[in-house]
Amino acid sequence: MSDAPLQWEGVPGKGAIGVIARDMAVISPSLPRVYPFVVERGEGVYLFDVDGNRFLDFAAGAGVMGLGYQNPHVVSAARDQVGRLMHSGFSNFYAELPVRFAEKLTKVTGYDRVFFSNSGAEALEAAVKLAVWHNRKTGFISFYQCIHRGRILDLPSTTTAIATGGDDIPCIQVHRGHYAYCYRCPLNIEYPGCGIECLNEVENLLEDASVGGGVAGIIVEPIQYEGGCITPPDDFHKELRRICHEHEILFIADELLTGVYRTGVFLAMESFGVQADITAMAGSIGGGLPLGATLSYSDIMNWPPGTLASTTGGNMVAVAAGLAGIEEMDSQKIGKSVNKIGYYMQKRLCEMQDACPPIGDVRGRGLMIGVEIVKLDKTPAPLLRDAIIEEAFEAGLILLPTGDSTISITPPLTMTEESADTGLDILESAIRSLKR
Ligand SMILES: Cc1ncc(COP(=O)(O)O)c(C=O)c1O
């Protein structure tokens, strides 16, 4: 499909207005919708709304659509599986397809055990529960601006079931540390002179016996997406890994958004030279269908039958689509092209930064890119950021906000330079057209 011009009837059109009115009457108002975009179908790097407008997508459904929309290999694998068997009851019975997918995942990641669920929150919930079970402790360290478990309350604490041997599972205790947000250092010091002081703080927490004695693990994102695509310095995760080793606690990576080649390697932690003890994956792992996977080693994931299961986890159609998606990415050598196009886009954004003062910072790896929008005094400019995103939408580009004042760019990994330029041109003119 050629790139320009984007088909255009104006937004929101009549169809969109009608759906939004009905949505507002029945859908939970908790969903953080950003602008009046009513999606109908997708094709490659494009989305079409209910009024027939075509949009270039720089969000990929929050990173979920790694291969873009309606990839023929993924669609055909899912269709075949729908015709054969949709739900196998994988918690109670065996099935070959989820096993094949787990074999593929362990081969590419170096882990040797996989727990399947349906979403990111569940994959993280499984990671946390595994760490509690393995270390017999209920404390965790996570970082300010992270999202991890924000979507699930501590439901296991309310459960007495076979899985827990009839015992209550105590609520977990979370202690927070500062992530290396070097553009706006929360400690007001500068990298590398700081010696990664934020992690010294974490180490101090662990050395405080009243906290450290009860900690099972540290949960961390390779890049903090919801925080504003905050990308730590190269040695941040290596240092965190060392701390976990020394304190004999588990390193748990939340790779929900960064996994499956988003940053140019299968797991983003690889690019930081680190292997976590437990990795939670979701997002694009199901090829666009809901799927979560928690990966670990057999000397950690050695809990007995009944400890944790998921009724619909490892759903046959999601697993078929996910496996086809990863095989297709491997055959396209997608990691290489993500590095190339990610570098191209970040370079152009850095060039734009010179001409567009509201761009305070450009950061990220591969195709997980954050563009922080700032005021003259470098403080966050959330209203301007939102206005830029809205302006871009009206010109046919889909972007999402993240953090206080960052625009996230997580397009399908199949993005070409030509399409990237079309989108970046729209973004640039939106920034130029708006005054701080
Ligand atoms: C880093 C991270 N962790 C956890 C979650 C929660 O995942 P889900 O919405 O699939 O439950 C998200 C979702 O955006 C995420 O970005």
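Residues numbered from 1 in each chain as written. Predicted model: local features only at pLDDT ≥ 70, side-chain atom pairs only at ≥ 80, totals over all residues.

Undergrad: What's the story with the site of the ligand in this structure? I'm lost.
TA: Near the ligand, the surroundings consist of 15 residues, among which S119, G120, A121, I147 and L256 are the closest. Elements with a minimum of two residues in the shell around the ligand: helix 5 (120-135) and helix 8 (225-228). Per-element tally for the shell around the ligand: the top contributor is helix 5, with three residues. The class makeup of the residues in the shell around the ligand is eight nonpolar, three polar and four charged. (Near = placed C-beta within 6 Å. Helix = DSSP H or I, 4+ residues; strand = E, 2+ residues; numbered from the N terminus. Nonpolar A, V, L, I, M, F, W, Y, C, P; charged D, E, K, R; others polar.)

Undergrad: Honestly, the pairing of strand 5 (residues 139-143) in this entry has me stumped. Any pointers?
TA: Consecutive side chains of a regular strand alternate in pointing toward one face of the sheet and then the other. Of all five residues in strand 5, five are buried, a share of seventy percent or more. Residues of strand 5 alternate between two faces, with G139, I141 and F143 on one and F140 and S142 on the opposite face, all of them buried. Where strand 5 meets strand 6 (residues 173-177), five bridges bridge the pair, whose relative direction is parallel. Across the sheet, the residue bridging to G139 is Q173, located in strand 6. When strand 5 meets strand 7 (residues 215-220), the two strands line up parallel, connected through three bridges. Within the sheet, the bridge partner assigned to F140 lies in strand 7 and is G217. (Buried ≥ 20, exposed ≤ 12 C-beta atoms within 10 Å, placed from the backbone. Pairing = 2+ DSSP bridges.)

Undergrad: I would appreciate a short explanation of the environment of D386 in the present structure.
TA: Inspection of the secondary structure puts D386 in helix 13 (residues 382-394). Look at D386 and you get partly exposed, because 16 C-beta atoms sit within 10 Å. Residues D386 and S405, spaced 19 residues apart in sequence, show a C-alpha to C-alpha distance of 8.0 Å.

Undergrad: Looking at this model, I keep getting lost on the sheet that holds strand 3 (residues 54-57). Mind explaining?
TA: In a beta sheet, neighbouring strands pair by backbone hydrogen bonds and run either parallel or antiparallel. Within the open sheet, the four strands sit side by side as 1-2-3-13. Their pairing is mixed. Strands with a single pairing partner mark the edges of an open sheet, and in this sheet they are strand 1 (39-43) and strand 13 (397-398). Pairing of strand 2 (residues 46-49) with strand 3 involves three bridges; the strand directions are antiparallel. Pairing of F48 across the sheet is with R54, part of strand 3.

Undergrad: I keep staring at the domain arrangement of the protein chain and nothing clicks. Help me out?
TA: For the protein chain, the assigned domains are domain 1 (14-63 + 333-433) and domain 2 (74-331). Contact residues are listed per partner, giving 23 residues for domain 1 and 21 residues for domain 2. Taken together, the elements giving at least two residues each to the side of domain 1 that touches domain 2 come down to helix 12 (334-355), strand 11 (359-365), strand 12 (368-373) and strand 15 (406-409). Counting residues per element, the side of domain 1 that touches domain 2 draws most heavily on helix 12, at five residues. Counted by class, the side of domain 1 that touches domain 2 contains six nonpolar, 12 polar and five charged residues. (Domains from an automatic or database assignment. Contact = placed C-beta atoms within 7 Å.)

Undergrad: Quick question: what am I supposed to make of the packing of helix 12 against helix 14 (residues 417-433) here?
TA: To characterise two packed helices, one gives the angle between the axes of the helices and the distance between these axes. Interaxial distance between helix 12 and helix 14 falls to 11 Å at its minimum, and their mutual angle equals 25 degrees. One finds that helix 12 runs roughly parallel with respect to helix 14. In the packing of helix 12 onto helix 14, the handedness of the crossing is right-handed. Across the interface between the two elements, I341, Y344, M345, R348 and M352 of helix 12 pack against E417, A420, L424 and E428 of helix 14. Partitioned by chemical class, the residues of the contact of helix 12 with helix 14 number six nonpolar, no polar and three charged. (Axes fitted to C-alpha atoms, helices over the stretch in contact; angles between N-to-C directions. Parallel < 35°, antiparallel > 145°, perpendicular 65-115°, else oblique. Left-handed = near helix turned anticlockwise from the far one by under 90°.)

Undergrad: Sorry, what's going on with the sheet that holds strand 11 here?
TA: The strand order across the open sheet formed by four strands is 11-12-15-14, and the pairing between neighbours is antiparallel. Single-partner strands in this sheet number two, and they are strand 11 and strand 14 (400-402). Direction aside, the axes of adjacent strands within the sheet are offset by 30 degrees on average. Against the sheet, helix 12 contacts strand 11, strand 12 and strand 15, and its axis sits at roughly 170 degrees relative to strand 11.

Undergrad: I tried to follow the packing of helix 4 (residues 96-109) against helix 11 (residues 316-331) on my own but got confused; where do I start?
TA: Put simply, helix 4 and helix 11 touch, their axes get as near as 9 Å, and they point 35 degrees apart. As for the relative orientation of helix 4 and helix 11, their crossing is left-handed in sense. Within the contact between the two elements, helix 4 uses L97, P98, R100, F101 and K104 and helix 11 uses M316, V319, A320, G322, L323 and I326. By residue class, the composition of the contact of helix 4 with helix 11 is eight nonpolar, one polar and two charged.

Undergrad: Please explain the nonpolar core as it appears in this structure.
TA: The nonpolar side chains of soluble globular proteins are, as a tendency, buried together. Judged by nonpolar contacts, the single largest core of 127 residues is most densely connected at A127, I252, A320 and L397. No other element matches helix 11, which puts 10 residues into this core. The residue makeup of this core includes at least three contributed by each of domain 1 (14-63 + 333-433) and domain 2 (74-331). Other than its neighbours up to four places away in sequence, A320 contacts A77, A78, Q81 and L97. (Core = buried A, V, L, I, M, F, W, Y, C linked by C-beta atoms within 7 Å.)

Undergrad: Honestly, helix 9 (residues 236-247) in this entry has me stumped. Any pointers?
TA: Residue pairs spaced three or four apart in an α-helix point in one direction, given the helix's 3.6 residues per turn. End to end, helix 9 covers 17 Å across 12 residues, agreeing with the expected 16 Å (1.5 Å per residue, within 8%). Here helix 9 has its buried residues at F236, H237, E239, L240, R241 and C244. Looking at the buried side of helix 9, the elements it contacts are helix 6 (197-207), strand 7, strand 8 (250-254) and helix 10 (268-271). One or two positions beyond helix 9, positive phi appears at E248, with a value near 55 degrees. (Expected span 1.5 Å × (residues − 1).)

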